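Okay, here's what each chain looks like letter by letter:
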Amino acid sequence: TSEAAARFFNLLAPDFGEAELLLVVGTSLEVHPFASLIDLGRPTMPRALINRERVGEALATRLTAGGSGFNFTDAAVVPRDVFLPGDADATVERLVAAAGWELPGSV
């Protein structure tokens, strides 16, 4: 609905202004406006892509001027991007376990 779209765009700046980490999980990053979101937030905000394949590198975006997408190389000016390859569910479960957390319903 147009109300949902307005809410989405109105909350972008405040939400990304407060974000400390961006997790991008299981996506092709080809559908806008969502594909553009990886270039929002502080330029030093850590970003992790959890996916079967690398996507979103050198991505031209419509919502952000000069958006460059992920940079997984060692040559990144600000090394903030990490690619965690594999199945999204299994990778998130490993991250949760490594952090010492428990998923709801797990034993």
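Computed from a prediction, not measured in an experiment: that's the story for all the values here.

**Remarks on the pattern of salt bridges**
Alright, step 1. Evaluated as defined, the whole model comprises 4 salt bridges.
Alright, step 2. A salt bridge links Asp 39 to Arg 47; its shortest N-O distance comes to 3.7 Å. When sorted by exposure, Asp 39 lands in the same class as Arg 47, which is buried.
Alright, step 3. Linking Asp 81 and Arg 47 is a salt bridge whose minimum nitrogen-to-oxygen distance equals 2.7 Å. Remark: Arg 47 occurs in strand S2 (residues 47-51) and Asp 81 occurs in strand S3 (residues 81-85); sequence separation between them is 34 residues. Grouping residues by exposure puts Asp 81 and Arg 47 together as buried.
Alright, step 4. Here the salt bridges do not stand alone but share partners, grouping Asp 39, Arg 47 and Asp 81 into one network.

**Side note on the confidence of the model for the chain**
Alright, step 1. Scored by pLDDT, the chain has a mean of 86; 90% of the residues are at 70 or more.
Alright, step 2. Put simply, helix H1 (residues 2-18) is where the chain has its lowest mean pLDDT, 89, and S2 is where it has its highest, 96.

**Comments concerning the layout of surface pockets**
Alright, step 1. Here the second largest pocket is characterised by a volume of approximately 180 Å³.
Alright, step 2. Around the second largest pocket sit Leu 21, Leu 23, Val 25, Ala 48, Ile 50, Leu 84, Val 92, Leu 95, Val 96 and Trp 101, which together line it.
Alright, step 3. Listed by contribution, the elements that provide at least two residues to the lining of the second largest pocket are strand S1 (22-25), S2 and helix H2 (88-98).
Alright, step 4. Looking at the lining of the second largest pocket element by element, the count peaks at 3 residues for H2.
Alright, step 5. Across the lining of the second largest pocket, the residue classes tally to 10 nonpolar, no polar and no charged.

**A word on the packing of aromatic side chains**
Alright, step 1. Counted under the stated rule, the structure contains 4 aromatic pairs.
Alright, step 2. Judged by centre distance (4.9 Å) and plane angle (85°), the rings of Phe 8 and Phe 9 are edge-to-face.
Alright, step 3. The class of Phe 9 is partly exposed, set by a relative accessible area of 42%.
Alright, step 4. Ring centres of Phe 8 and Phe 34 lie 5.2 Å apart, and the angle between their planes is 65°; on these two criteria the pair is classed as edge-to-face. Of this pair, Phe 8 sits in helix H1 while Phe 34 is found in the loop between S1 and S2, placing the two residues 26 residues apart along the sequence.
Alright, step 5. Each member of the aromatic cluster is reached from another via a ring pair, and the members are Phe 8, Phe 9 and Phe 34.

**Structural notes on the nonpolar core**
Taken as a class, soluble globular proteins show a tendency for nonpolar side chains to be buried jointly.
Alright, step 1. Within the largest apolar cluster, 14 residues are counted, with the highest numbers of intra-cluster contacts made by Phe 16, Leu 22, Val 24, Leu 29, Ile 38, Leu 49 and Phe 70.
Alright, step 2. When residues of this core are traced back to their parent elements, those giving at least two are H1 and S1.
Alright, step 3. Excluding residues that lie within four positions of it along the chain, Phe 16 makes contacts with Leu 22, Leu 37, Leu 40, Gly 41 and Met 45.

What counts, and at which threshold
- Residues numbered from 1 in each chain as written.
- Predicted model: local features only at pLDDT ≥ 70, side-chain atom pairs only at ≥ 80, totals over all residues.
- Heavy atoms only, no water.
- Salt bridge = Lys/Arg side-chain N within 4 Å of Asp/Glu carboxyl O.
- Buried < 20%, exposed > 50% of the residue type's maximum accessible area, 1.4 Å probe, protein only.
- Helix = DSSP H or I, 4+ residues; strand = E, 2+ residues; numbered from the N terminus.
- pLDDT = per-residue confidence, 0-100.
- 1 Å grid on protein atoms, 1.4 Å probe; cavity = no way out; pocket = protein on both sides within 12 Å on 5 of 7 lines; lining within 4 Å.
- Points joined across faces, edges and corners; volume = space filled by probe spheres on them.
- Nonpolar A, V, L, I, M, F, W, Y, C, P; charged D, E, K, R; others polar.
- Phe/Tyr/Trp six-rings, centres within 6.5 Å; stacked < 30°, edge-to-face > 60°.
- Core = buried A, V, L, I, M, F, W, Y, C linked by side-chain atoms within 4.5 Å.
- Contact = heavy atoms within 4.5 Å.

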